Amino acid sequence: QVQLVESGGGLVQAGGSLRLSCAASGRTFSSYVMGWFRQAPGKERELVATISWSGGSTYYRESVKGRFTISRDNAKATVYLQMNSLKAEDTAVYYCAADRSGSGLFGSWGQGTQVTVSS
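Conventions we followed
Residues numbered from 1 in each chain as written. Predicted model: local features only at pLDDT ≥ 70, side-chain atom pairs only at ≥ 80, totals over all residues. Heavy atoms only, no water. Salt bridge = Lys/Arg side-chain N within 4 Å of Asp/Glu carboxyl O. Helix = DSSP H or I, 4+ residues; strand = E, 2+ residues; numbered from the N terminus. Buried < 20%, exposed > 50% of the residue type's maximum accessible area, 1.4 Å probe, protein only. Disulfide = S-S within 2.5 Å. Core = buried A, V, L, I, M, F, W, Y, C linked by side-chain atoms within 4.5 Å. Pairing = 2+ DSSP bridges. Axes fitted to C-alpha atoms, helices over the stretch in contact; angles between N-to-C directions. Contact = heavy atoms within 4.5 Å. Polar contact = N/O pair within 3.5 Å; in protein donor to acceptor, adjacent residues only side chain to side chain.

Draft legend 1. Up close: the pattern of salt bridges. A full pass over the atoms with the stated rule returns five salt bridges. Residue Arg61 pairs with Glu46 through a salt bridge whose shortest N-O separation is 3.5 Å. Here the residue Arg61 occupies a position in the loop between β6 (58–60) and β7 (68–73), and Glu46 occupies one in strand β5 (residues 46–51), the gap between them amounting to 15 residues. Classification of Arg61 as partly exposed rests on a relative accessible area of 22%. Glu46 gets classed as partly exposed once you look at its relative accessible area, which sits at 25%.

Draft legend 2. Region of the structure containing the state of the cysteines. Enumeration according to the criterion identifies one disulfide in this entry. Through a disulfide, Cys22 is tied to Cys96; the S-S separation comes to 1.9 Å. Linking Cys22 and Cys96, the disulfide has an S-S dihedral of approximately 45° and is accordingly described as right-handed. Of this pair, Cys22 sits in strand β3 (residues 18–24) while Cys96 sits in strand β9 (residues 92–99), and the two are 74 residues apart along the sequence. Assessed through its relative accessible area of 0%, Cys22 is described here as buried.

Draft legend 3. Highlighting the nonpolar core. Among the nonpolar cores identified, the biggest contains 30 residues, and Trp36, Leu81, Met83 and Tyr94 are the most heavily contacted of them. Taken together, the elements giving at least two residues each to this core come down to β3, β4 (33–39), β5, β7, β8 (78–83), β9 and β11 (113–118).

Draft legend 4. The arrangement of the sheet that holds strand β1 (residues 4–7) in detail. Read across the sheet, four strands follow the order β1-β3-β8-β7 without closing on themselves; strand pairing throughout is antiparallel. Strands with a single pairing partner mark the edges of an open sheet, and in this sheet they are β1 and β7. The sheet shows a mean angle of 15° between the axes of neighbouring strands, taken without regard to direction. Examined bridge by bridge, β1 and β3 share four bridges and lie antiparallel to one another. Within β3, the position partnered with Leu4 by the bridge is Ala24.

Draft legend 5. Spotlight on the environment of Cys96. The buried category is assigned to Cys96, whose relative accessible area is 0%. As for Cys96 and Ser21, which are separated by 75 residues in sequence, their C-alpha atoms are 8.7 Å apart. Beyond its immediate sequence surroundings of up to four residues, Cys96 is in contact with Leu4, Glu6, Cys22, Gly35, Trp36, Ser108, Trp109 and Gly110.

Draft legend 6. The side chain of Thr78, seen in detail. By secondary structure assignment, the location of Thr78 is in strand β8. The class for Thr78 is buried, based on a relative accessible area of 9%. Among the polar contacts made by the side chain of Thr78, one reaches the main-chain carbonyl oxygen of Lys76 at a distance of 2.9 Å. When residues no more than four places from it in sequence are discounted, the contact partners of Thr78 are Ser21, Cys22, Ala23, Phe29, Ser71, Arg72 and Asp73.

Draft legend 7. Quick peek at the environment of Glu6. Counting through the fold element by element, Glu6 comes out in strand β1. A residue is classified by how much of its surface remains accessible, and Glu6, at 5% relative accessible area, is buried. Sequence separation of Glu6 and Ala24 is 18 residues, and the distance between their C-alpha atoms is 9.0 Å. The contacts of Glu6, once residues within four sequence positions are left out, are Ser21, Cys22, Trp36, Tyr94, Tyr95, Cys96, Gly110, Gln111, Gly112 and Thr113. A polar contact is formed between the side chain of Glu6 and the backbone nitrogen of Cys96, at a distance of 2.9 Å.

Have a look at this one:
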């Protein structure tokens, strides 16, 4: 298991930007597929983006394509989510998660960081 700690959330006006970070413990970070999820009040948790072990492959949900960018620095054991052109509907608690096997099963989760976008 890897321990994950998110940071970078906050309150921002619509159209603004935030950069989330997720720092991982352990020396095997580069072997994990990493993902960002979010959960808005009263809604189910949804996958926002994923990034492969090397960073060479990424996935984004349709609603964030062109606005969000996921990246990773394996030397720093950190994954990032750059969020631009934020909208009120992006308001949620954002979680990073780690998938050891690459099967889509994320077994390690951070505590979450709140992102609030005011319109």
